[in-house]
Amino acid sequence: MPCIIVEGVTLDCRQGAGGVDKIYLTEWANVASVTSASGSISAIGMNSGKKFWEVQLEMEDAQFNEDATISVENGTTFYAQTLTFSVYKMTAKNRNIVRLLTQNRLAVIVKDMDGVFRLAGETRAMHLTASASTTGKASGDKNGYNITLTGKEPLPSNTVASGIIAALLV
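Residues numbered from 1 in each chain as written. Predicted model: local features only at pLDDT ≥ 70, side-chain atom pairs only at ≥ 80, totals over all residues. Heavy atoms only, no water.

Participant: Looking at this model, I keep getting lost on the sheet that holds strand β5 (residues 63–71). Mind explaining?
Facilitator: Strand pairing in a sheet relies on backbone hydrogen bonds. The paired strands run either parallel or antiparallel. The sheet built from four strands is open, its strands ordered β5-β6-β10-β9 with antiparallel pairing. Edge positions in the sheet fall to β5 and β9 (127–134), since each has one partner strand and no second. Mean inter-strand twist for the sheet, computed between neighbouring axes without regard to direction, equals 15 degrees. (Pairing = 2+ DSSP bridges. Helix = DSSP H or I, 4+ residues; strand = E, 2+ residues; numbered from the N terminus. Axes fitted to C-alpha atoms, helices over the stretch in contact; angles between N-to-C directions.)

Participant: What exactly am I supposed to notice about the pairing of strand β8 (residues 117–120) here?
Facilitator: The side chains of a regular strand alternate, residue by residue, between the two faces of the sheet. In this sheet, β8 lies alongside strand β7 (residues 106–112) in antiparallel orientation, the contact comprising four bridges. From the neighbouring strand, V110 faces β8, where its bridge partner is R118. Hairpin geometry of β7 and β8 is characterised by an intervening segment of four residues between the two adjacent antiparallel strands and by a positive phi of about 85 degrees at G115. Strand direction decides the pairing type here: β8 and strand β11 (residues 158–160), joined by three bridges, are antiparallel. Across the sheet, the residue bridging to L119 is N158, located in β11.

Participant: What is the right way to look at the pairing of strand β10 (residues 144–153) in this model?
Facilitator: Across the ten residues of β10, seven count as buried, placing the element largely inside the fold. Bridging between strand β6 (residues 76–88) and β10 involves ten bridges; their strand directions are antiparallel. Paired with V87 across the two strands is Y145, which belongs to β10. The pairing of β9 with β10 spans seven bridges and is antiparallel. Looking across to β10, one finds that S133 is bridged to Y145. (Buried < 20%, exposed > 50% of the residue type's maximum accessible area, 1.4 Å probe, protein only.)

Structure representation (structure tokens):
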């Protein structure tokens, strides 16, 4: 059966902004259910006592990419999701948080600078695949961790209704 195109793409006003504003993450197993339709998530059910945790970011220090990989020969497609960000200061607390990220399968909500929320790792989880810590060399250099989370999903990330975010943080 052919895949039928039912809508075109129009140009929008030139008022968008690049970058990531906030990141929220939790263990992938904490997400009990996701209610979605047509690429939009209207509800995320959490297991009892579980929540998403906010990762505060410095300005222009995080990026979310989602790249389609298409095999015409095999008839397959997947979406490689990559989130890069920094955790500042090499404290014992931050070391322990980064260490826990390396051990977990993660669900991640990314809020971009246009205020759009997306759920990464929805069906197959995100994984910490690279982490580098640095004290820096010069007085103005970063002291902290550079983190890369990656995932492979069968579909592009769904947007998340902004109205459900607050309930996911308590």
